[in-house]
Amino acid sequence: LTVPMGTLIKWNLQCEPAVKALKVTMGEKSIMAEISENGTRAEFQAKATETFKYSFYWTEKENGFEYVDIKNLVRVVPDQLPDVELVEPFRDGKATVNKVLDLKFRATDDHQLGDATLVYSIIDSKTAAPGAENNASLETRVSLGQLSGTQKEHSHRWILNENGTLTPGFKVYFRIEVADRKPPMGSRFNSSIKRRLDILTDEQYLIWFENELAAQREIIAKARKAEEKATTEIGKLKVEEKKE
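Residues numbered from 1 in each chain as written. Predicted model: local features only at pLDDT ≥ 70, side-chain atom pairs only at ≥ 80, totals over all residues. Heavy atoms only, no water.

*Asks:* Would you explain the sheet that holds strand 15 (residues 151-159) in this entry?
*Replies:* Sheet architecture is open: three strands sit in the order 10-12-15, paired in antiparallel fashion. Either end of the sheet is taken by a strand with one partner, and the two such strands are strand 10 (83-88) and strand 15. Taking each pair of neighbouring strands and ignoring which way they run, the sheet shows an average axis angle of 25°. Pairing between strand 10 and strand 12 (residues 100-108): five bridges, direction antiparallel. What sits directly across from V84, in strand 12, is A107. (Pairing = 2+ DSSP bridges. Helix = DSSP H or I, 4+ residues; strand = E, 2+ residues; numbered from the N terminus. Axes fitted to C-alpha atoms, helices over the stretch in contact; angles between N-to-C directions.)

*Asks:* I would appreciate a short explanation of the packing of aromatic side chains in the present structure.
*Replies:* For any pair of aromatic rings, geometry is given as the distance between the ring centres together with the angle between the planes. A complete count under the given rule lists 11 aromatic pairs for this structure. With 5.9 Å between their ring centres and 80° between their planes, F44 and F56 make a pair best called edge-to-face. Of the two residues, F44 sits in strand 6 (residues 41-48) while F56 sits in strand 7 (residues 52-60), which places them 12 residues apart along the sequence. Note on accessibility: F44 and F56 belong to one class, buried. (Phe/Tyr/Trp six-rings, centres within 6.5 Å; stacked < 30°, edge-to-face > 60°. Buried < 20%, exposed > 50% of the residue type's maximum accessible area, 1.4 Å probe, protein only.)

*Asks:* I tried to follow the side chain of T59 on my own but got confused; where do I start?
*Replies:* Tracing the chain through its elements places T59 in strand 7. Residue T59 is classed as buried on the basis of its relative accessible area of 13%. When sequence neighbours within four positions are dropped, the list of residues in contact with T59 reads V19, K20, A21, G64, F65 and E66. (Contact = heavy atoms within 4.5 Å.)

*Asks:* Honestly, unusual backbone geometry in this entry has me stumped. Any pointers?
*Replies:* Leave glycine aside and you will find that most residues have negative phi; peptide bonds, for their part, are mostly trans. The omega torsion of the bond from E16 to P17 falls at 5°, within 30 degrees of zero and hence cis. With respect to the helices, strands and loops of the structure, P17 is situated in the loop between strand 2 (7-14) and strand 3 (19-26).

*Asks:* What is the right way to look at the layout of surface pockets in this model?
*Replies:* Empty space among the atoms becomes apparent when a probe as large as a water molecule is rolled across them. In this structure, the largest pocket spans a volume of roughly 330 Å³. What lines the largest pocket is a set of 14 residues, among which P89, G93, K94, K99 and W208 lie closest to the centre. If you list the elements that add at least two residues to the lining of the largest pocket, you get strand 11 (93-95), strand 12 and helix 1 (202-243). Top contributing element to the lining of the largest pocket by residue count: helix 1, with three residues. Class assignment for the residues of the lining of the largest pocket results in six nonpolar, one polar and seven charged. Computed from the structure, the second largest pocket encloses a volume of approximately 160 Å³. Lining the second largest pocket, in full, are M26, G27, E28, K29, A46, K47, A48, T49, E50, T51 and F52. With three residues, strand 6 is the single largest residue contributor to the lining of the second largest pocket. (1 Å grid on protein atoms, 1.4 Å probe; cavity = no way out; pocket = protein on both sides within 12 Å on 5 of 7 lines; lining within 4 Å. Points joined across faces, edges and corners; volume = space filled by probe spheres on them. Nonpolar A, V, L, I, M, F, W, Y, C, P; charged D, E, K, R; others polar.)

*Asks:* What is the right way to read the sheet that holds strand 5 (residues 34-35) from this model?
*Replies:* Remark on secondary structure: sheet strands pair via backbone hydrogen bonds, oriented parallel or antiparallel. Overall, antiparallel pairing links the three strands, which are arranged 2-6-5 in an open sheet. What marks the edges here is a single partner per strand, and that holds for strand 2 and strand 5. In this sheet, strand 6 lies alongside strand 2 in antiparallel orientation, the contact comprising eight bridges. Along strand 6, the bridge assignment pairs W11 with F44.

*Asks:* Quick question: what am I supposed to make of the pattern of salt bridges here?
*Replies:* When their charged atoms lie close together, side chains carrying opposite charge are able to pair. Using the criterion set out here, one finds 14 salt bridges in the structure. In this structure, E218 and K222 form a salt bridge, with 3.5 Å as the shortest nitrogen-oxygen distance. In this pair, E218 and K222 both sit in helix 1, four residues apart, roughly one turn of the helix. Here the salt bridges do not stand alone but share partners, grouping D92, K94, K171, R196 and D198 into one network. (Salt bridge = Lys/Arg side-chain N within 4 Å of Asp/Glu carboxyl O.)

*Asks:* What should I look at first to understand the nonpolar core in this one?
*Replies:* Soluble globular proteins tend to bury their nonpolar side chains together. Counting residues in each nonpolar core, the largest one holds 23 residues, and the members touching the most others are F105, L118, W158, F174, I176 and V178. The set of elements that each furnish at least two residues to this core consists of strand 10, strand 12, strand 13 (113-124), strand 16 (170-180) and strand 18 (195-199). If you tally residues by element for this core, the top one is strand 16, at five residues. In this structure, L13, C15, V19 and L22 belong to the second largest nonpolar core, which totals 20 residues. (Core = buried A, V, L, I, M, F, W, Y, C linked by side-chain atoms within 4.5 Å.)

Okay, here's the thing in structure tokens:
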């Protein structure tokens, strides 16, 4: 049996023949299981803080026979921090003050996922000190709710200028933070990579967009030429094969 560190394990055993006592040894300590009135059920529990072996010492109900069971093992693995990946946007970019950003992220945890939070800062690149984007006191936190399970994909529509404070020339830095449900709640968390949006005027954004579009068209054109060349070369090879 392999469990995360801190797991409370409960055993529920069906006994045949009936027993009147069950002592369980776990390392250096022993506990007595709770036995049902008819002796056919035994229950006990233990918190797994480290890997341990345990054995059963049975006392049969009818004749009082005693016998020892084999050793069993509970392997305890340290609880891992949750993992969070910012899927969209997948790179830094440009935007205007009217941008509505569709955030998508993927979170996983070996135990259970907890709260998700959007963490962002808005920096005036003209007046901010170097490294201001890493100043936690300038960050704003927006709850995205509690996640469930051990793996989750989540989306969130974010109106960048919801507070009306965004102007061209600012930079927006953002990341997704996810906690797990290991007590104390909210004490174990991890963050995605931080992304940046440069806020442009409408005219600047249009120029940037046209340049991006032209670059993408150039890439597509080069790929098409390479494909056509490859098709031609394959055709030549087929002709040579027929001649042979």
